[in-house]
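# Overview (structure and organization)
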Amino acid sequence: MITHIATLDQPTSLSHTRTHELKIWPACFEATLSGAKTFDVRENDRNYQVGDAVQLCEYEPESETYSGRSTARWISYVLQGGAFGLQAGWCILGLTELRPLPPGVSDTRLW
């Protein structure tokens, strides 16, 4: 059973929004929870998009088990590989606790 630390309870209005359930090692999980780690480096095997949700599930690599803790984030930026020293086929995801505003919306009162 996964204990949810944060949930994706904001309304969804973009039809392309997907949720990706991802493993995350304990040190990275804690850094994400504290707000120190607002990005993630991933193989881009899922075609990550801005506005997609990620459910980060804490995973112990030595025992190959889940701790039961998870936290939710939104993808706010995707830096594609093939530039800046990042290998093609990989990406860096910008993560945020709040869903990014859709294109063309800059005033949160409209969202």
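Residues numbered from 1 in each chain as written. Predicted model: local features only at pLDDT ≥ 70, side-chain atom pairs only at ≥ 80, totals over all residues. Heavy atoms only, no water.

A word on the nonpolar core. The biggest cluster of nonpolar side chains holds eleven residues, and these are Leu22, Ile24, Phe29, Tyr48, Val54, Leu56, Ile75, Val78, Cys91, Leu93 and Leu95. Looking at which element gives the most residues to this core, the answer is strand β6 (residues 90–96), with three residues. Non-local contacts of valine 78, meaning those with residues more than four positions away in its chain, are made with Tyr48, Gln49, Val50, Cys91, Ile92 and Leu93. (Core = buried A, V, L, I, M, F, W, Y, C linked by side-chain atoms within 4.5 Å. Buried < 20%, exposed > 50% of the residue type's maximum accessible area, 1.4 Å probe, protein only. Helix = DSSP H or I, 4+ residues; strand = E, 2+ residues; numbered from the N terminus. Contact = heavy atoms within 4.5 Å.)

Turning next to a nonpolar patch on the surface. On the surface, Phe39, Val41 and Trp90 cluster together into a nonpolar patch covering about 270 Å² of accessible area. As for its placement among the helices and strands, valine 41 is situated in strand β3 (residues 39–43). On the accessibility criterion, valine 41 (42% relative accessible area) is partly exposed. (Patch = residues over 30% accessible without salt bridge, like charges linked within 9 Å, V, L, I, M, F, W, Y side chains within 5 Å. Areas by Shrake-Rupley, 256 points an atom, 1.4 Å probe, with all protein chains shown as cover. Salt bridge = Lys/Arg side-chain N within 4 Å of Asp/Glu carboxyl O.)

The next subject is the environment of leucine 56. Following the sequence through the fold, leucine 56 ends up in strand β4 (residues 53–60). In this structure, the C-alpha to C-alpha distance between leucine 56 and tryptophan 25, residues 31 residues apart in sequence, is 9.4 Å.

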